Amino acid sequence: MLGKTAASLFWMSRYLERVENSARFIEAGFRIALTRSASASDEWSSVLKSSGVLQAYRRKHDDFDSVNVIDFLLRDRDNTNSVMALTKKARDSARTARTALTREVWEATNESWITLNAAMAKPVREQDLPETLGLIRNQSALVRGATLGTMLRNDGFNFLRLGSFLERADSTARILDVKYYLLLPSVALIGSSVDNVQWETILRSVSAHRSFRWLNGPDISAQAVADYLILHRQMPRSLTFCYAKISDNLNYIDHNYGIKSRSGELAHEICTDILRRPIEAIFDYGLHEYIADFIRANNGLAAQIETDFNFHDRVG
């Protein structure tokens, strides 16, 4: 597959996954702000920081008013990682790789852009935010369903999946980091009712609350939730699950071309080192420090994939 086409598919799926993840970040901040209204500005500041757009926001706004933060994250033209900007990038990437996509995947991606552009033509009111975030997630699900249901399991599919799972792993790691390092106001609150409410909110933001309860019952603790979101092999947003899929897709590509890429080696190293540590060792090391190490390794793998497979002149 030509490097430009592979790059377009890879980044198309990364942008689409990032759109859904942005909605999850906003939902997490919104829910936590509601439970701790006295420090709502701190919560929104943390969401912006974890989304990587804090400095861009500060150049435009002096405070962390929820209306401004929500509009900046959803539709602001000055935010290149807003939901609308990312949706447009995904559509542009899909157009570049149009001949490598099924009609259903292209139409679902194009329809997502049209639908979300109409829904966010004007600033979204706080009372309408849950409905809008639900619409964003639903549009993402439509593209994902079309991809899984109609794409041939060839190189194009593998590059789409690589982009999705790299981005998803990054998002899960960052949501964990928001909770444990940025949102918790004091170590004195660890294990308290406030702490448990926040962990429950994080589980809901990654659609893991019900499945966590199936396995763990009503008791929520920092260690149990972190173990579930980092190490559980059957949880589709856990770091371990994402990397099992990343390794599989890289192995398929390597096998198809009869090569052994550095990307495949790096993915294997992350699986056997960072993601094989027991949760007790992770907490002894420091959850924030562990997540920071993982994010760096994940970014390093993404850069290596671009190098290995000659991603040049990518869209966006």
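Before reading further, recall that the structure is shown in the block above.
Residues numbered from 1 in each chain as written. Predicted model: local features only at pLDDT ≥ 70, side-chain atom pairs only at ≥ 80, totals over all residues. Heavy atoms only, no water.

Q: For this particular structure, what's the right way to read a negative patch on the surface?
A: Residues Asp62, Asp63, Asp65 and Glu126 make up a contiguous surface patch of negative charge. Among the secondary structure elements, aspartate 65 is positioned in the loop between helix 3 (54-58) and helix 4 (66-74). (Patch = residues over 30% accessible without salt bridge, like charges linked within 9 Å, V, L, I, M, F, W, Y side chains within 5 Å. Areas by Shrake-Rupley, 256 points an atom, 1.4 Å probe, with all protein chains shown as cover. Salt bridge = Lys/Arg side-chain N within 4 Å of Asp/Glu carboxyl O. Lys, Arg positive; Asp, Glu negative; His and termini not counted. Charge placed at Lys NZ, Arg CZ, Asp CG, Glu CD. Helix = DSSP H or I, 4+ residues; strand = E, 2+ residues; numbered from the N terminus.)

Q: Got a minute to help me understand the nonpolar core in this structure?
A: Taken as a class, soluble globular proteins show a tendency for nonpolar side chains to be buried jointly. Leu74, Leu229, Ile230, Tyr243 and Leu301 are the most contacted members of the largest nonpolar core, which totals 100 residues. In terms of residue count, the dominant contributor to this core is helix 1 (residues 3-35) (16 residues). Each residue touching tyrosine 243, except ones within four places of it in the same chain, is listed here: Leu166, Ala169, Ala267, Ile270, Cys271, Leu275, Phe294, Asn298 and Leu301. (Core = buried A, V, L, I, M, F, W, Y, C linked by side-chain atoms within 4.5 Å. Buried < 20%, exposed > 50% of the residue type's maximum accessible area, 1.4 Å probe, protein only. Contact = heavy atoms within 4.5 Å.)

Q: So what exactly am I meant to see when it comes to the pattern of salt bridges here?
A: Opposite charge on two side chains permits pairing when their charged atoms draw close. With the rule as written, the count across this model stands at 23 salt bridges. Between glutamate 17 and arginine 237 there is a salt bridge whose closest N-O contact spans 3.3 Å. In this pair, glutamate 17 sits in helix 1 while arginine 237 sits in the loop between helix 11 (222-231) and helix 12 (239-257), placing the two residues 220 residues apart along the sequence. For the residue pair glutamate 17 and arginine 237, the accessibility class agrees, reading buried in each case. Arginine 75 is the salt-bridge partner of aspartate 71, the closest N and O atoms lying 2.9 Å from each other. For arginine 75, a relative accessible area of 22% translates into the label partly exposed. Shared partners join several salt bridges into a network, and the residues in it are Glu17, Glu20, Arg24, Arg144, Arg168 and Arg237.

Q: Quick question: what am I supposed to make of helix 12 here?
A: An α-helix turns once every 3.6 residues. As a result, residues three or four positions apart point the same way. Over its 19 residues, helix 12 extends 27 Å from the first C-alpha to the last, a length consistent with the 27 Å expected when each residue adds 1.5 Å. Turning to helix 12, its buried residues number three or more, namely Leu239, Thr240, Phe241, Cys242, Tyr243, Ile246, Ser247, Asn249, Leu250, Ile253 and Asp254. Looking one or two residues past helix 12, glycine 258 carries a phi angle of roughly 65°, positive in sign. (Expected span 1.5 Å × (residues − 1).)

Q: Help me understand the packing of aromatic side chains in this model?
A: The relation between two aromatic rings is expressed through the spacing of the ring centres and the mutual angle of the planes. Counted by the stated rule, this structure contains 10 aromatic pairs. When the ring of tryptophan 11 is compared with that of tyrosine 15, the centres are 5.4 Å apart and the planes differ by 40°; the resulting orientation is tilted. Residue tryptophan 11 and its partner tyrosine 15 are both found in helix 1; the two are separated by 4 residues, about one turn of the helix. Both residues of the pair, tryptophan 11 and tyrosine 15, belong to the buried class. Look at phenylalanine 165 and phenylalanine 241: their rings are 6.2 Å apart centre to centre, the planes differ by 55°, and that puts the pair in the tilted class. Of this pair, phenylalanine 165 sits in helix 8 (residues 155-183) while phenylalanine 241 is found in helix 12, placing the two residues 76 residues apart along the sequence. The exposure class of phenylalanine 165 is buried, given its relative accessible area of 3%. Within the aromatic cluster, the residues linked to one another by ring pairs are Phe10, Trp11, Tyr15, Phe159, Phe309 and Phe311. The positively charged end of arginine 277 is found above the aromatic ring belonging to tyrosine 285, 5.8 Å away from the centroid. (Phe/Tyr/Trp six-rings, centres within 6.5 Å; stacked < 30°, edge-to-face > 60°. Lys NZ or Arg CZ within 6 Å of the ring centre and 35° of its normal.)

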